[in-house]
Amino acid sequence: MPVPDPALVVLVGASGSGKSTWASSRYRAAEVVSSDALREVVGSGEHDLDASADAFALLESVVSARVGRRLTTVVDTLGTDPARRRRWLTAARDAGLPAVAVVLDTPARVCRSRNAARDRPVPARVLTSQLAAVATTTDLLDAEGWDAVLVLTPDDVPAAGPRNTPSSRHPAPAAADATAQLPGVLREEGAGLRGVVLQLSRFPAEGDLLTWLRDMAGAAEEAGLAGIALMDHLIQIPQVGRAWDPIPEPWVTLGALAASTTRLQLGTLVTPVTFRAPGITAKAAATLSALTGGRAFVGVGAGWWEREHTAYGLGFPSARARLDALEHGIETMKALWSPGTKPYAGRRVSLPETTSYPRPVGDLPVIVGGGGDRTLRIAARLGDGCNVPSDDAGLAKVARYLALVAQAGRDPSTVHATVLDLPLVGRDRDDVWSRVERHRGRAPAATFAARHHAGTASEHADRLAALAGLGVTTVFVAPVGLDGPDDVLALAPLAGAFG
Ligand code: UTP
Ligand code: MG
């Protein structure tokens, strides 16, 4: 059964029941607050009972400080003192942190034999009273208001080995390996934009850009990702980096990627209609489609950042005019890509001819970025997909978009319901939290971790797999702190789960 994360986890179990072993198999050392360990800090050793009062005073302040920051806290004590449990539970409630009690239901004889094998065994009668107290406690827990009460038997506690993750245990990244080993040709067939697409938003300030791009693209293909998307901005946006960080022009850069990939879908996320006349974007996208044998897509949006427009001498009209331009732009692109050269006369756009060669190869999906209701309606009527954030509000917009598609008389199974996800991915729990520390800036660690679903690749894989069930066809991922090809290869389990 999964344990929520972050959470307050209160262990209950007699000496030798396996509490510390369970905790260390799943959590980082700093997440576990143990009365034994604190006895050693303030006393002569783990079993220095003279130091108990000092150790518990420290334990209370550690629990209250961590829980107050909404950081996962595993309380490793006998767990049989009802007043302490109530205090911890209240602290978790006050902080809005889920609170779980975990009972180590280990047979008395097992506890006794483990206890006997220790350097300083607990006296037999003490262990007997602990076992009775644990049995009493187990009966009380249900009425105490925990979000979950987990009762574990010795089979649930790994004897040794690598640390598992709190939310679930994963057998092995077998699915990801299998994906990585699939021959490229198999993936070329029909997968299209469906799956996990890497969004590159930060670029190295030093070194050779082309080499870096090729290495990243090679890693993306090896990891089984469906494609690469580039932001279309003239100045690096404050959400990603500093204004003087490099942000190469995307359509030129996509041309370079076209030459160094064979399977990946390539496109922008998203090109503002305010940057280029739509016919010019149509020309660039059709050229990319021709260069890649049909692996192009184009993200379009209304544009939002006034500063880059002003700096580059571009107009930045009202939101309403920009949305009008979005409708106009999509209609223009579709007209230019349609077969033949005949004149086009549509609702908003009239063109005396539609002569545009090279033609796109196969589909050239237009993904409309933005979650405003008019944007979603434009996406549903005129585009081939939407792109919204992957948070709860964004997922509600996916549902809204799919409903609008159906309302427009179109088949929802033919469109691309895409989300943008900003995961923080680490190798293991230690790596995850060191990345949180590195990247959180001034945000509280727990807030930052929650915003980016900080976790291991297999935890993200589970999360993404659930998105597919909500109608999401494509997840654009822009991982926090994506520096090099190794960070891209680490995304293989995500591609395996969602692809
Ligand atoms: P723990 O040291 O994890 O027990 O395991 P505990 O509940 O935290 O005990 P106290 O309250 O601190 O005294 C006790 C012994 O049992 C072994 C551990 O290696 C340790 O030596 N153990 C634990 C197993 O052999 N298998 C298990 O599944 C769990
Ligand atoms: Mg212990």
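Residues numbered from 1 in each chain as written. Chains lettered and ligands numbered in written order. Predicted model: local features only at pLDDT ≥ 70, side-chain atom pairs only at ≥ 80, totals over all residues. Heavy atoms only, no water.

1. Quick notes on the overall build of the protein
When its secondary structure is counted, the protein shows 20 helices and 17 strands. With the principal axes as the frame, the protein shows a C-alpha extent of 95 × 45 × 45 Å. Within the protein, the fraction of its 499 residues that count as buried is 48%. When contacts within the protein are restricted to residue pairs at least 6 apart in sequence, long-range pairs at least 24 apart make up 74% of them. (Helix = DSSP H or I, 4+ residues; strand = E, 2+ residues; numbered from the N terminus. Buried < 20%, exposed > 50% of the residue type's maximum accessible area, 1.4 Å probe, protein only. Contact = heavy atoms within 4.5 Å.)

2. Concerning the site of ligand 1
Every residue lining ligand 1 is accounted for by Ala14, Ser15, Gly16, Ser17, Gly18, Lys19, Ser20, Thr21, Asp36, Arg114, Arg118 and Val157. At 3.0 Å from an oxygen atom of ligand 1 is found a main-chain nitrogen or oxygen belonging to glycine 18. Burial of ligand 1 by the protein amounts to 73% of the accessible area it has alone, namely 610 Å². Applying the majority rule of atoms within 2 Å of the grid points places ligand 1 in the second largest pocket. Per-element accounting of the shell around ligand 1 gives the leading share, 3 residues, to helix α1 (residues 19-26). Here the residues of the shell around ligand 1 sort into 2 nonpolar, 6 polar and 4 charged. (Near = heavy atom within 4 Å. Polar contact = N/O pair within 3.5 Å; in protein donor to acceptor, adjacent residues only side chain to side chain. Areas by Shrake-Rupley, 256 points an atom, 1.4 Å probe, with all protein chains shown as cover. 1 Å grid on protein atoms, 1.4 Å probe; cavity = no way out; pocket = protein on both sides within 12 Å on 5 of 7 lines; lining within 4 Å. Sits in = over half its atoms within 2 Å of the grid points. Nonpolar A, V, L, I, M, F, W, Y, C, P; charged D, E, K, R; others polar.)

3. Some remarks on empty space enclosed by the protein
For the structure shown, the criterion picks out 1 cavity of 30 Å³ or more. Quantified by volume, the largest cavity comes out at close to 50 Å³. If you go around the largest cavity, the residues you meet are Thr271, Pro272, Val273, Arg276, Pro278, Thr281, Val300, Gly329, Ile330 and Met333. For the lining of the largest cavity, the secondary-structure elements that each account for two or more residues are β8 (265-272), α11 (278-292) and α13 (319-337). (Points joined across faces, edges and corners; volume = space filled by probe spheres on them.)

4. Brief notes about the UniProt feature "domain: Luciferase-like" (unreviewed entry) in the protein
Listed under "domain: Luciferase-like" (unreviewed entry) in the UniProt record, and renumbered for this structure, are residues 213-453. Here residues 213-453 runs as 43% helix and 16% strand, with 26 Å between its end C-alpha atoms. (UniProt positions renumbered as here; feature names shortened; annotations may be inferred.)

5. Comments concerning the layout of surface pockets
Roughly 930 Å³ of volume is contained in the second largest pocket. Lining the second largest pocket are 38 residues, with Ser15, Asp36, His47, Leu78 and Arg118 sitting closest to its centre. Listing elements by their share of the lining of the second largest pocket, those giving two or more residues are α1, α2 (35-42), α4 (82-95) and α6 (124-144). Ranked by the residues each element gives to the lining of the second largest pocket, the list is headed by α2, at 4 residues.

6. Quick word on the sheet that holds strand β13 (residues 385-389)
What the 8 strands build is a closed barrel, ordered β6-β7-β8-β9-β12-β13-β14-β17; its pairing is parallel. Ignoring which end each strand starts from, the neighbouring axes of this sheet average 25° apart. In the sheet, β13 pairs with strand β14 (residues 416-421) via 5 bridges, with the strands oriented parallel. Paired with valine 388 across the two strands is valine 419, which belongs to β14. Against the sheet, helix α15 (residues 392-407) touches β13 and β14, its axis set at about 160° to β13. (Pairing = 2+ DSSP bridges. Axes fitted to C-alpha atoms, helices over the stretch in contact; angles between N-to-C directions.)

7. Focus on helix α9 (residues 209-222)
Under the 1.5 Å per step criterion, the end-to-end length of α9 is 20 Å for 14 residues, consistent within 8% with the ideal 20 Å. All of the buried residues in α9 are Trp212, Leu213, Met216, Ala217, Ala219, Ala220 and Glu221. On its buried face, α9 sits against β6 (195-200), β7 (227-230), α10 (250-259) and α19 (485-489). Two residues or fewer past α9, glycine 224 is found with a positive phi of approximately 80°. (Expected span 1.5 Å × (residues − 1).)

8. Regarding the nonpolar core
Counting residues in each nonpolar core, the largest one holds 67 residues, and the members touching the most others are Leu200, Leu225, Ile228, Trp337 and Tyr401. Beyond its immediate stretch of four places on either side in the chain, tyrosine 401 contacts Leu376, Ala379, Ala380, Asp384, Gly385, Cys386, Val415, His416 and Ala417. Counting residues in hydrophobic clusters, the runner-up holds 25 residues, among them Ala14, Val75, Trp88 and Leu127. (Core = buried A, V, L, I, M, F, W, Y, C linked by side-chain atoms within 4.5 Å.)

9. What about a nonpolar patch on the surface?
On the surface, Val41, Val42 and Leu58 cluster together into a nonpolar patch covering about 230 Å² of accessible area. With respect to the helices and strands, the residue leucine 58 is situated in helix α3 (residues 52-68). Taking relative accessible area as the criterion, leucine 58 reaches 31% and is therefore assigned partly exposed. (Patch = residues over 30% accessible without salt bridge, like charges linked within 9 Å, V, L, I, M, F, W, Y side chains within 5 Å. Salt bridge = Lys/Arg side-chain N within 4 Å of Asp/Glu carboxyl O.)

10. What about the sheet that holds strand β5 (residues 148-152)?
Sheet strands pair by backbone hydrogen bonding; their relative direction is either parallel or antiparallel. Spatially, the 5 strands line up as an open sheet ordered β2-β3-β1-β4-β5, and their pairing is parallel. Lying at the two open borders of the sheet, with one neighbouring strand each, are β2 (32-34) and β5. When the angles between neighbouring strand axes are averaged without regard to direction, this sheet yields 20°. As defined by bridge partners, strand β4 (residues 99-104) adjoins β5 across 5 bridges and the pair is classed as parallel. Looking at the pairing, leucine 104 lines up with leucine 152 of β5. Against the sheet, α1 touches β1 (8-12), β2, β3 (73-76), β4 and β5, its axis set at about 150° to β1. Here α2 sits on the sheet and contacts β2 and β3; the angle it forms with β2, its principal contact strand, is near 65°.

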